[in-house]
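Read off the chains here:
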Amino acid sequence: MAAKQVFIFDTTLRDGEQVPGCKLNTPEKVELAVKLEELGVDIIEAGFPVSSPGDYHSVNQISRTIKNAVVCGLTRAVQKDIEVAAQALKYAKRPRIHTGIGTSDSHIKSKFNSNREDILQRAIQCVKWARNYTDDVEFYAEDAGRTDNEYLARVVEAVIKAGATTINIPDTTGYCLPHQYGEKIAFLRNNVSNIDKAIISCHCHNDLGLATANAIAGVLNGAQQIECTINGLGERAGNTSLEEVVMILNQHKHLGYYTQVNPKQLNPMSRMVSDVMRMPVQPNKAIVGANAFSHSSGIHQDGFLKDASTYEIIAPEEVGADSSKIVLTARSGRSALAFRLQKIGYSFTRNDVDALYESFLKMADSKKEVTEEDLHQLAAEYQPVLVEAV
Ligand code: KIV
Ligand code: ZN
């Protein structure tokens with residue numbers, strides 16, 4: 001069976017930019033949008049135009065600049081929001097309006113002081129308003145993760161009838177377990193009569209560290225779009241991380257899915273977002289963290305040096321990362337020490353390395369990492385063991 005495309009909806013410039021301290025100005029947003037298009041994302045959520053004049057301007061400039069990707073603007077289920085978004089997206093070659101409303105009982109009661117019937121009508125209405133401006137309308141059922149499935153199915157059926165072409169099922173609070181989120185998508189596929197007229201999208205938050213797993217569960221149950229951000233940035237604990245879902249689908253080709261994202265650009269893109277937003281990437285972050293291709297324990301280093309695939313399922317060059325590192329710590333073994341010494345020009349015999357290893361361990365126990373400079377010092381202080389002739 002032919003592999004199916006999963007559309008990548010990047011929301012780094014909208015949900016990602018909601019991270020405290022990550023606010024971007026228009027030139028920064030345009031620069032990142034251009035790189036996101038080069039990376040191969042299908043949809044760029046450029047911002048929330050009604051939220052501020054600055055964001056309106058950014059969405060407008062991105063719309064003028066982007067050539068192939070869909071450019072999307074977020075709105076609430078409010079007529080003014082939709083008019084402003086349509087205006088900001090006026091010059092986009094492929095504009096999308098992303099509108100919606102909270103559908104969980106918690107949102108309906110606490111946020112809107114309303115009831116299910118009223119929210120259903122407001123959902124239909126906002127899609128109709130948006131359809132006056134573009135054929136590409138995405139509807140989000142905010143807090144779908146905690147929305148009753150029967151009611152969610154009614155809302156989804158009604159908004160597709162009203163003209164929504166993509167249906168976003170956000171796990172806004174990151175509450176769902178992967179099997180629950182997957183079952184929710186399967187429920188919609190099986191219980192919404194017109195579901196084949198729309199694309200189902202996963203938008204998962206990471207409050208329990210499950211955003212990536214949930215998005216993949218969604219795809220395995222019939223969703224065709226993933227909303228994600230570079231470095232997993234986003235509100236609170238963040239969103240599904242783009243680099244993770246892309247590489248999961250890439251590594252597990254047997255699942256039968258692919259994306260248009262170029263994996264070689266993942267690390268450069270991650271660095272660029274981190275620099276522009278001034279938001280460091282955690283070192284142990286999958287795919288793009290500084291330690292993603294570092295090996296520090298003796299057992300791992302020995303295996304890796306014999307055959308990289310013993311401890312690496314992805315080669316760093318596949319994702320545009322610097323080459324793998326053998327880091328020297330008190331947990332490192334002789335093979336790693338020999339390798340690193342050789343790398344900086346020493347050709348010690350096995351006996352020499354054995355002897356040097358004792359001094360190395362003393363040094364390594366006193367610090368976090370043994371550096372290249374330390375190795376030169378060890379080598380300089382080394383007195384070869386003279387074997388007496390018999
Ligand atoms: O998390 C969420 O529910 C959202 C919507 C606005 C799409 O970001
Ligand atoms: Zn979100």
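Residues numbered from 1 in each chain as written. Chains lettered and ligands numbered in written order. Predicted model: local features only at pLDDT ≥ 70, side-chain atom pairs only at ≥ 80, totals over all residues. Heavy atoms only, no water.

Asks: What is the right way to read the sheet that holds strand β7 (residues 166-171) from this model?
Replies: Think of a sheet as strands paired side by side through backbone hydrogen bonds, with each pair either parallel or antiparallel. Strand order around the closed barrel formed by eight strands is β2-β3-β4-β5-β6-β7-β8-β9, with parallel pairing between neighbours. Ignoring strand direction, the axes of neighbouring strands in this sheet form an average angle of 25°. In this fold helix α5 (residues 116-131) packs onto β5 (95-102) and β6 (137-142), with an angle of close to 170° to the strand it touches most, β5. This element, helix α9 (residues 242-251), spans β2 (7-10) and β9 (225-228) of the sheet and lies at about 170° to β2. (Pairing = 2+ DSSP bridges. Helix = DSSP H or I, 4+ residues; strand = E, 2+ residues; numbered from the N terminus. Axes fitted to C-alpha atoms, helices over the stretch in contact; angles between N-to-C directions. Contact = heavy atoms within 4.5 Å.)

Asks: Can you walk me through the site of ligand 1 in this structure?
Replies: Around ligand 1, a shell composed of Arg14, Asp15, His98, Tyr140, Glu142, Asn168, Pro170, Thr172, His203 and His205 is seen. His203 places a polar side-chain atom, nitrogen or oxygen, 3.1 Å from an oxygen atom of ligand 1. Side-chain polar atom of His205 to an oxygen atom of ligand 1: 3.0 Å apart, as the coordinates give it. Protein coverage of the free-state accessible area of ligand 1, which is 260 Å², stands at 91%. Elements that contribute at least two residues to the shell around ligand 1 include exactly β6 and β7. Of the residues that constitute the shell around ligand 1, the class distribution is two nonpolar, five polar and three charged. (Near = heavy atom within 4 Å. Polar contact = N/O pair within 3.5 Å; in protein donor to acceptor, adjacent residues only side chain to side chain. Areas by Shrake-Rupley, 256 points an atom, 1.4 Å probe, with all protein chains shown as cover. Nonpolar A, V, L, I, M, F, W, Y, C, P; charged D, E, K, R; others polar.)

Asks: Just to check I follow, could you spell out the pattern of salt bridges for this structure?
Replies: Note on pairing: side chains with opposite charge can pair once their charged atoms come close. The full count for this structure, using the stated rule, is 22 salt bridges. Residue Arg122 is joined to Asp118 by a salt bridge in which the shortest nitrogen-to-oxygen separation is 3.2 Å. Of this pair, Arg122 and Asp118 both sit in helix α5, separated by four residues, roughly a single helical turn. The exposure class of Arg122 is partly exposed, given its relative accessible area of 31%. Relative accessible area serves as the criterion here: at 29%, Asp118 is assigned to the partly exposed category. One continuous salt-bridge network, built from bridges that share partners, spans Arg14, Asp15 and Glu45. (Salt bridge = Lys/Arg side-chain N within 4 Å of Asp/Glu carboxyl O. Buried < 20%, exposed > 50% of the residue type's maximum accessible area, 1.4 Å probe, protein only.)

Asks: I'm lost on the nonpolar core in this one. Help?
Replies: One broad trend across soluble globular proteins is that nonpolar side chains are buried collectively. Phe139, Ile169 and Leu242 are the most contacted members of the largest nonpolar core, which totals 89 residues. Counting the residues that make up this core, at least three belong to each of domain 1 (4-277) and domain 2 (294-389). Look past the residues within four positions of Leu242 in its chain and what remains in contact with it is Ile8, Asp10, Leu39, Val41, Cys228, Thr229, Ile230, Val261 and Leu266. In terms of nonpolar packing, the next biggest core, distinct from the first, is built from 17 residues, Ile326, Ala330, Leu356 and Leu375 among them. (Core = buried A, V, L, I, M, F, W, Y, C linked by side-chain atoms within 4.5 Å. Domains from an automatic or database assignment.)

Asks: It is not clear to me how helix α14 (residues 372-381) should be interpreted in this structure. Could you clarify?
Replies: Every α-helical turn comprises 3.6 residues, leaving residues that sit three or four positions apart pointing alike. Within the span of α14, buried status applies to Asp374, Leu375, Leu378 and Ala379. In a view along the axis of α14, the buried residues occupy a sector of 135°, so they form one face of it. In α14, those exposed residues whose orientation departs by more than 90 degrees from the buried face are Glu373, Ala380 and Glu381. Against α12 (334-343) and α13 (350-365) lie the buried residues of α14. (Arc of directions from axis to C-beta.)

Asks: Sorry if this is basic, but what is going on with the coordination of the zinc ion (ligand 2) here?
Replies: Geometry sets the ideal angles at a metal, namely 109.5 degrees for four tetrahedral donors and 90 or 180 degrees for six octahedral donors. Within the first shell, the zinc ion (ligand 2) binds the protein through Asp15 (OD), His203 (NE2) and His205 (NE2), at distances of 2.1 Å. Positions of the donor residues of the zinc ion (ligand 2), expressed as sequence spacing, correspond to D-x187-H-x1-H. Taken as a pair, His203 and His205 share a single burial class, namely buried. (Donors = N, O, S within 2.8 Å, 3.2 Å for Na, K, Ca; no water.)

Asks: Whenever I open this one, the pairing of strand β4 (residues 70-74) confuses me. Can you help?
Replies: The side chains of a regular strand alternate between both faces of the sheet. The buried fraction of β4 amounts to five of the five residues, a majority that puts the element mostly inside the structure. Judged by which residues are buried, β4 turns out to be covered on both faces: Val70, Cys72 and Leu74 on one side and Val71 and Gly73 on the other are all buried. Taken together, the four bridges between strand β3 (residues 43-47) and β4 define a ladder with parallel strand orientation. Of the residues in β4, the one forming a bridge with Gly47 is Gly73. Traced from β3 through helix α2 (residues 53-65) to β4, the parallel crossover comes out right-handed. Between the parallel elements β4 and β5, the chain passes through helix α3 (residues 79-88) in a crossover that is right-handed. (Right-handed = clockwise from strand over helix to strand, strands pointing away.)

Asks: Quick question: what am I supposed to make of the packing of helix α1 (residues 26-39) against helix α10 (residues 266-277) here?
Replies: Each pair of packed helices can be summarised by the angle the axes make with each other and by the distance between the axes. Packing of α1 against α10 brings their axes to within 11 Å, and their N-to-C directions diverge by 170°. As judged from the angle between their axes, α1 and α10 are roughly antiparallel. Touching Glu28, Glu31, Leu32, Lys35, Leu36 and Leu39 of α1 are Leu266, Met269, Met272, Val273 and Val276, all from α10. Classifying every residue of the contact of α1 with α10 by side-chain character gives eight nonpolar, no polar and three charged. (Parallel < 35°, antiparallel > 145°, perpendicular 65-115°, else oblique.)

Asks: Teacher, can you tell me more about the domain arrangement of the protein here?
Replies: Interfaces are often described in size by the accessible area the parts lose on coming together. For the protein, the domain assignment lists domain 1 (4-277) and domain 2 (294-389). Between the C-alpha centres of domain 1 and domain 2 there is a distance of 46 Å. The partner domain 2 presents seven residues to the eight residues of domain 1 that form the contact. In this assembly, domain 1 and domain 2 are joined by zero salt bridges. In this assembly, domain 1 and domain 2 are joined by two residue pairs in polar contact (both at pLDDT 80 or more). Elements that contribute at least two residues to the side of domain 1 that touches domain 2 include exactly α9 and α10. For the side of domain 1 that touches domain 2, the per-class residue count stands at four nonpolar, two polar and two charged.

Asks: Could you clarify how one ought to interpret the environment of Tyr357 in this entry?
Replies: Checked against the element boundaries, Tyr357 lands in helix α13. Along the chain, Tyr357 and Ser323 lie 34 residues apart, while their C-alpha atoms are 25 Å from each other. When sequence neighbours within four positions are dropped, the list of residues in contact with Tyr357 reads Ser332, Gly333, Arg334 and Leu337.

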